[in-house]
Amino acid sequence: NLLYTPVVLDVYYSLFFPSTGTISSILYVLCFPFNIWILEIVLDRLFIIVHGRNVAWCYHEYSDSGFGGSIRLGHGVYWLMMG
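Residues numbered from 1 in each chain as written. Predicted model: local features only at pLDDT ≥ 70, side-chain atom pairs only at ≥ 80, totals over all residues. Heavy atoms only, no water.

Chemist: I tried to follow unusual backbone geometry on my own but got confused; where do I start?
Modeler: Both trends apply: most residues other than glycine have a negative phi, and most peptide bonds are in trans. Unusually for a residue other than glycine, phenylalanine 67 sits at a positive phi of about 55°. Turning to its location among the elements, phenylalanine 67 is positioned in the loop between β1 (65–66) and β2 (71–72). Note on phenylalanine 67: relative accessible area 52%, which makes it exposed. (Helix = DSSP H or I, 4+ residues; strand = E, 2+ residues; numbered from the N terminus. Buried < 20%, exposed > 50% of the residue type's maximum accessible area, 1.4 Å probe, protein only.)

If you want it as structure tokens, here you go:
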């Protein structure tokens, strides 16, 4: 996560929202949960390759989990508040 933070904050914004203004800022915040979910999916697969299972988190018990328990859709509300 530490390596991905500059990507989330700077590179992601400059690549997908090159123009400045209110609309691009709003889109940046609305798309932020998808960026975090992509990170969780990639890390989940990496943990499975290295350790044989995800040793960091598991959302299998929740009804709003996706991608084999690697993401939880309910967390999107909180990611929007942080975006």
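Chemist: How do you make sense of a nonpolar patch on the surface when you look at a structure like this?
Modeler: The grouping of Ile23, Ile26, Leu27, Leu30 and Leu80 at the surface amounts to a nonpolar patch, some 450 Å² of accessible area in total. Structurally, isoleucine 23 can be placed in helix α2 (residues 22–51). Judged by relative accessible area, isoleucine 23 falls into the exposed class, the value being 62%. (Patch = residues over 30% accessible without salt bridge, like charges linked within 9 Å, V, L, I, M, F, W, Y side chains within 5 Å. Areas by Shrake-Rupley, 256 points an atom, 1.4 Å probe, with all protein chains shown as cover. Salt bridge = Lys/Arg side-chain N within 4 Å of Asp/Glu carboxyl O.)

Chemist: Please clarify how the packing of aromatic side chains should be interpreted in this entry.
Modeler: What characterises a pair of aromatic rings is the spacing of the ring centres plus the angle enclosed by the ring planes. Tallying each qualifying case throughout the model produces three aromatic pairs. Ring centres of phenylalanine 34 and tryptophan 37 lie 5.4 Å apart, and the angle between their planes is 80°; this geometry places the pair in the edge-to-face category. Of this pair, phenylalanine 34 and tryptophan 37 both sit in helix α2, three residues apart, roughly one helical turn. Classification of tryptophan 37 as buried rests on a relative accessible area of 11%. In this structure, arginine 72 packs its charged tip against the face of tyrosine 62, placed 3.8 Å from the ring centre. (Phe/Tyr/Trp six-rings, centres within 6.5 Å; stacked < 30°, edge-to-face > 60°. Lys NZ or Arg CZ within 6 Å of the ring centre and 35° of its normal.)

Chemist: Explanation requested: the packing of helix α1 (residues 5–16) against α2 in the structure shown.
Modeler: Helix-helix packing is characterised by the crossing angle of the two axes and by the distance between the axes. Two elements in contact, α1 and α2, have axes separated by 11 Å at closest approach and are oriented at 125°. Here α1 lies oblique to α2, going by the angle between them. Helix-helix and strand crossings are classified by hand; for α1 and α2 the assignment is right-handed. Residues Val8, Leu9, Tyr12 and Tyr13 of α1 lie in contact with α2, whose contacting residues are Ser24, Ser25, Tyr28, Cys31, Phe32 and Asn35. The residue inventory of the contact of α1 with α2, partitioned by class, reads seven nonpolar, three polar and no charged. (Axes fitted to C-alpha atoms, helices over the stretch in contact; angles between N-to-C directions. Parallel < 35°, antiparallel > 145°, perpendicular 65-115°, else oblique. Left-handed = near helix turned anticlockwise from the far one by under 90°. Contact = heavy atoms within 4.5 Å. Nonpolar A, V, L, I, M, F, W, Y, C, P; charged D, E, K, R; others polar.)

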